[in-house]
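Summary of the model geometry
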Amino acid sequence: MEKVVFKAEGEEAVEFYVLEQTRIGGIDYILVTDTEEDDGEALILKDMSQPGEAEALYEIVTEDEELDAVSAVFESMLEDIDFS
């Protein structure tokens, strides 16, 4: 499982494990978890960076309609994942 490190300005770095990624409507999303082995907390992150930028800029998906739609896609991709 690929591990990525996120660092907000002035904040401590946080490591996540990427479970899956997808592209919907021209926007890239990644499903990440905070642990590689146990049932950890999962987040869906949306790539907000512009094409050609050296570093990606991710934002947590919080809008209910978008979260429901993207969650459904990840659930269909990963049979052992349930967001309910």
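Presented here is a report on the structure given in the accompanying data block. Source: prediction; values computed, not measured.

The residue serine 49 is located in the loop between β4 (42–47) and β5 (58–60) in this model. Here the side chain of serine 49 touches aspartate 47 through a polar contact of 2.5 Å, side chain to side chain. Beyond its immediate stretch of four places on either side in the chain, serine 49 contacts Glu55, Ala56 and Leu57.

Helix length check: helix α1 (residues 64–77) (14 residues) gives 20 Å between terminal C-alpha atoms against 20 Å at 1.5 Å per residue, within 8%. All buried positions along α1 are accounted for by Glu66, Val70, Ser71 and Phe74. Taken around the axis of α1, the buried residues stretch over an arc of 125°, which confines them to a single face. With respect to the buried face of α1, the exposed residues turned more than 90 degrees away are Asp64, Glu65, Asp68 and Ser76.

All right, on to the packing of aromatic side chains then. One pass over the structure, following the stated rule, counts two aromatic pairs. The interplanar angle of 90° and the centroid separation of 5.7 Å between the aromatic rings of phenylalanine 6 and tyrosine 58 together place this pair among those described as edge-to-face. One end of the pair, phenylalanine 6, is in strand β1 (residues 2–6); the other, tyrosine 58, is in strand β5, and 52 residues separate them in sequence. On the accessibility criterion, tyrosine 58 (28% relative accessible area) is partly exposed.

What counts and what doesn't
- Residues numbered from 1 in each chain as written.
- Predicted model: local features only at pLDDT ≥ 70, side-chain atom pairs only at ≥ 80, totals over all residues.
- Heavy atoms only, no water.
- Helix = DSSP H or I, 4+ residues; strand = E, 2+ residues; numbered from the N terminus.
- Polar contact = N/O pair within 3.5 Å; in protein donor to acceptor, adjacent residues only side chain to side chain.
- Contact = heavy atoms within 4.5 Å.
- Expected span 1.5 Å × (residues − 1).
- Buried < 20%, exposed > 50% of the residue type's maximum accessible area, 1.4 Å probe, protein only.
- Arc of directions from axis to C-beta.
- Phe/Tyr/Trp six-rings, centres within 6.5 Å; stacked < 30°, edge-to-face > 60°.

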